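This is what each chain is made of:
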Amino acid sequence: MELVAAFADLAVEAGGPAALRDVIAEDGWSSPIWTRADCYQFGAERAALEAYERAVLTEKLTEFRRFTTGTVAPHAAAYPGDEWVKRLIAQLNSIESTIDLVASA
């Protein structure tokens, strides 16, 4: 628990958990991960790190798909000849495919 408290103090000092992750990466420290079962973990095993990374990618993929269907698709329907939206859809399809492949591999 002391480690979690220290992490919380550092997070506040750094400007939040995301900023703290930047500091940790810059200093070459072990990446912290968070799970419901174990809260924050430092120096986690390979399997735990991979499971965390897959979970984050799956979450981001869901956000990405919602952006595509909720924002980009209506734009494309409203302006079907728009070159910008055609390029955007092509790139977004590629990105979605890549993230999906990595998350499910």
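First things first, this report covers the structure right here in the doc. (Residues numbered from 1 in each chain as written. Predicted model: local features only at pLDDT ≥ 70, side-chain atom pairs only at ≥ 80, totals over all residues. Heavy atoms only, no water.)

The next point concerns the pattern of salt bridges. Counted by the stated rule, this structure contains six salt bridges. Among the salt bridges present, the one from Arg65 reaches Glu96, with a minimum N-O distance of 2.6 Å. Of this pair, Arg65 sits in helix H3 (residues 46-78) while Glu96 sits in helix H4 (residues 83-104), and the two are 31 residues apart along the sequence. Here the residues in one salt-bridge network are Arg46, Glu50 and Arg54, joined through shared partners. (Salt bridge = Lys/Arg side-chain N within 4 Å of Asp/Glu carboxyl O. Helix = DSSP H or I, 4+ residues; strand = E, 2+ residues; numbered from the N terminus.)

Running from amino to carboxyl end, H3 crosses H4 at an angle of 160°, the nearest separation of the two axes being 10 Å. As the angle between them shows, H3 and H4 are arranged roughly antiparallel. Crossing angle aside, the handedness with which H3 passes H4 is left-handed. Packed against H3, whose contacting residues are Arg54, Leu57, Thr58, Leu61, Phe64, Arg65, Phe67, Thr68, Val72, His75 and Ala76, the element H4 presents Trp84, Val85, Leu88, Ile89, Leu92, Ile95, Glu96, Ile99, Asp100, Val102, Ala103 and Ser104 at the interface. For the contact of H3 with H4, a count of residues per class yields 15 nonpolar, four polar and four charged. (Axes fitted to C-alpha atoms, helices over the stretch in contact; angles between N-to-C directions. Parallel < 35°, antiparallel > 145°, perpendicular 65-115°, else oblique. Left-handed = near helix turned anticlockwise from the far one by under 90°. Contact = heavy atoms within 4.5 Å. Nonpolar A, V, L, I, M, F, W, Y, C, P; charged D, E, K, R; others polar.)

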